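Structural characterization, general
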Amino acid sequence: MSDRAVLHVKGRVLVGPEDVRDELWAVDGRITYERPPGEAVTVSGWVLPGLVDAHCHVGLDQHGPVPDEVSERQALTDRDAGTLLVRDAGSPSDTRWIDDREDLPKIIRAGRHIARTRRYIRNYAHEIEPGDLVAYVAREARRGDGWVKLVGDWIDRDAGDLAPCWPRGEVEAAIAEAHRLGARVTAHCFAEDSLRDLVEAGIDCVEHATGLTDETIPLFAERGVAIVPTLVNIATFPHMADGGEAKFPDWAAHMRRLHERRYDTVRSAYDAGVPVFVGTDAGGSLAHGLVAAEVAELVTAGIPALEALSATAWGARAWLGRPALEEGAPADLVVYDEDPRADVRVLAAPRRIVLNGRIVG
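None of these values were measured; they are calculated from a predicted model. (Residues numbered from 1 in each chain as written. Predicted model: local features only at pLDDT ≥ 70, side-chain atom pairs only at ≥ 80, totals over all residues. Heavy atoms only, no water.)

What about the overall build of the protein?
For the record, the criterion: Secondary structure elements follow DSSP: runs of H or I of four or more residues count as helices, runs of E of two or more count as strands, with numbering from the N terminus. Only protein chains enter the accessibility calculation, which uses a 1.4 Å probe; a residue is then buried when its area is under 20% of its type maximum, exposed when over 50%, and partly exposed in between. Contacts are assigned to residue pairs that have any heavy atoms within 4.5 Å of one another. Using a 1.4 Å probe, accessible areas were evaluated by the Shrake-Rupley method; residue-level cover was limited to the displayed protein chains. For this count, His and the chain ends are skipped, Lys and Arg are scored as positive, and Asp and Glu as negative. In plain terms, the charge of a residue is placed at NZ if it is Lys, CZ if Arg, CG if Asp and CD if Glu.
Each helix and strand in the protein was counted, giving 12 helices and 20 strands. When the backbone C-alpha atoms are referred to their principal axes, the protein occupies close to 70 × 40 × 35 Å. Among the 361 residues that make up the protein, the fraction classed as buried is 56%. Within the protein, contacts between residues at least 6 apart in sequence are counted, and of these 66% link residues at least 24 apart. When the accessible area of the protein is evaluated, it comes to approximately 14,400 Å², of which 47% is carbon and sulfur surface. Each charge class in the protein was averaged separately, 41 positive and 59 negative side chains, and the resulting centres sit 2 Å apart.

Here it is in structure tokens:
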């Protein structure tokens, strides 16, 4: 046994939405439900698996890649909010050094964004033309942790509005190549027009998905394509529209419409059986540490509180192929004073944060 202290966690351990146990232990950084010999450090309260932010950007700010010390602050901010597992949905920075830090969240990387030339935020993405899409998807599939991130739509300055970035044939070939290499594919999509092609091409997830309609929601549900709505980011659409209205009035009006119907869009998708997961879009221009706010936004949209909680806890971890509070899993957990199932606002005030069996906050 290592010199790591044995941790005894007692109270109400939410192994699953309805699977509640009285206690667990962390031994050598792993969860066990069998009492070990000897003394232990004890913490108590309502216990959840470490929260998931399924759309986050560590190593990125509004200008592009950031130094390691900034990436560290971003990761610490997420950790202190209870986010202990991040799906990094695109970053130009090399953050592999974080994997060697037991005090920082675990990261599942989607590599670097892949965007159409001059059709995304400067310094963020590989900016390429359709003929290179398959090659770049293969490259990022090999560099990432089982995910690839496309920019599915963005403003077309000639059209003055959001428009799809990729022809259907190239998308089909690129997604097939990612799947051949064992990676799933997700795409940034604000508008309506790219969604059918992406889903029918075999995409696994869509970020934001504000352009979902009564015509495309059933397609998402039938194919099991997940969405990560990032509602805390969609809240910025009116401000974005104000800033671009003079030059692109059609785009500005479109962004306002997408914002106005955002809650109805998410609730309709959920009601149809589309998998919905929590993501904040932290990084870029949005602050880190907003996971509790995003869960609350899903509840405001009409998703039942327990389902919104699962979207950042048990369900999100299962979707990403990572354990929760099972026997032998890494001891990554968050302790609260009250039952978060009764009121998701509890998530904003963790009492203790445990990562790899150590109390880190």
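Overview of the environment of A110
Topologically, A110 is positioned in the loop between strand 9 (106-109) and strand 10 (114-116). Taking relative accessible area as the criterion, A110 reaches 2% and is therefore assigned buried. In this structure the C-alpha to C-alpha distance between A110 and T77, which are 33 residues apart in sequence, comes to 21 Å. In contact with A110, other than residues within four places in its own chain, are D88, A89, G90, W147, V148 and K149.

Looking at the packing of aromatic side chains
Our working definition: What counts as a ring pair is set by centres within 6.5 Å for rings of Phe, Tyr and Trp (its six-membered ring), and what kind of pair is set by the plane angle: stacked under 30 degrees, edge-to-face over 60, tilted for all other angles. Criterion for a charge above a ring: Lys NZ or Arg CZ within 6 Å of the ring centre, and within 35 degrees of the ring normal.
Taken as a whole and judged by the stated rule, the model has 6 aromatic pairs. These aromatic residues form a ring-pair network of at least three members: Y120, Y124, W154, F190 and F237. Against the face of W147 rests R87, its NZ or CZ located 4.6 Å from the ring centre. One Lys or Arg, R262, reaches over the ring of Y263 and ends 4.2 Å from the middle of that ring.

As for empty space enclosed by the protein
The condition is simple: A pocket, in this scheme, is an open set of points on a 1 Å grid over the protein atoms alone with protein on both sides within 12 Å along at least 5 of 7 lines, while a cavity is a set where a 1.4 Å probe fits but cannot get out; residues line either one if an atom lies within 4 Å of a point. Grid points are joined across faces, edges and corners, and a volume is the space filled by probe spheres set on the points. Residue classes follow a fixed rule: Ala, Val, Leu, Ile, Met, Phe, Trp, Tyr, Cys and Pro count as nonpolar, while Asp, Glu, Lys and Arg count as charged, and any other residue, Gly among them, counts as polar.
Applying the stated criterion across every chain, the model contains 1 cavity of 30 Å³ or more. Of the pockets and cavities examined, the largest cavity occupies roughly 30 Å³. The wall of the largest cavity is formed by H208, A209, T210, P229, L231, I234, R262, T265 and V266. Those elements giving two or more residues to the lining of the largest cavity turn out to be helix 6 (231-234) and helix 9 (262-271). Looking at side-chain class alone, the lining of the largest cavity contains 5 nonpolar, 3 polar and 1 charged residues.

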